[in-house]
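Here are the chains, one letter per residue:
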Amino acid sequence: PGGIYELAKMAVTKKYQRRGIGTQLLEAVRTRATAAGASELYLRTNAKLEAANRLYRKIGFVTTPAPASVASGYHRPTFWMKLQLTAPGSP
């Protein structure tokens, strides 16, 4: 309970973009993570991914420092984003 989850490697094939699929996927991830007891959901992204970053912000993600508890072997991301799923300190 209260875990920190990371969303990694989400993509929608170019042919199917701009149909709301990314929004549906993110909402499903939020629902599943919340049901699993997650308190925060993180993702790594790149400034070049403008459309994806707009979508993340629309869902409620905000730019944040890298979480200390998440080690990464990837060196590409330029910044982290976080979605608070429960109020800090909530059970």
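Just so it is clear, the structure is predicted and the values come from calculations on it, not from any experiment. (Residues numbered from 1 in each chain as written. Predicted model: local features only at pLDDT ≥ 70, side-chain atom pairs only at ≥ 80, totals over all residues. Heavy atoms only, no water.)

**Quick word on the pairing of strand β4 (residues 79-84)**
For β4, the tally of buried residues reaches five of six residues, placing the bulk of the element in the interior. Inspection of the sheet shows strand β2 (residues 38-45) paired to β4 by six bridges, in the antiparallel sense. Looking across to β4, one finds that Leu41 is bridged to Leu83. Judged from the three bridges that link them, strand β3 (residues 62-64) and β4 form a sheet pairing that is antiparallel. The residue bridging Thr63 from the neighbouring strand is Met81, located in β4. (Buried < 20%, exposed > 50% of the residue type's maximum accessible area, 1.4 Å probe, protein only. Helix = DSSP H or I, 4+ residues; strand = E, 2+ residues; numbered from the N terminus. Pairing = 2+ DSSP bridges.)

**Here's the deal with the layout of surface pockets**
Counted as a void, the largest pocket has a volume near 990 Å³. Contributing to the lining of the largest pocket are 30 residues, with Met10, Ala11, Leu49, Ala52 and Tyr56 lying nearest its centre. When residues of the lining of the largest pocket are traced back to their parent elements, those giving at least two are β1 (3-7), α1 (21-35), β2 and α2 (50-59). Residue contributions to the lining of the largest pocket peak at seven residues, all from α2. (1 Å grid on protein atoms, 1.4 Å probe; cavity = no way out; pocket = protein on both sides within 12 Å on 5 of 7 lines; lining within 4 Å. Points joined across faces, edges and corners; volume = space filled by probe spheres on them.)

**A word on the sheet that holds β1**
Spatially, four strands are ordered β1-β2-β4-β3 in an open sheet, and the strand pairing comes out mixed. Single-partner strands in this sheet number two, and they are β1 and β3. Neighbour-to-neighbour, the strand axes of this sheet turn through a mean angle of 35 degrees, independent of strand direction. Its contacts with the sheet put α1 on β1, β2 and β4, and the angle it makes with β2 is roughly 140 degrees. (Axes fitted to C-alpha atoms, helices over the stretch in contact; angles between N-to-C directions. Contact = heavy atoms within 4.5 Å.)

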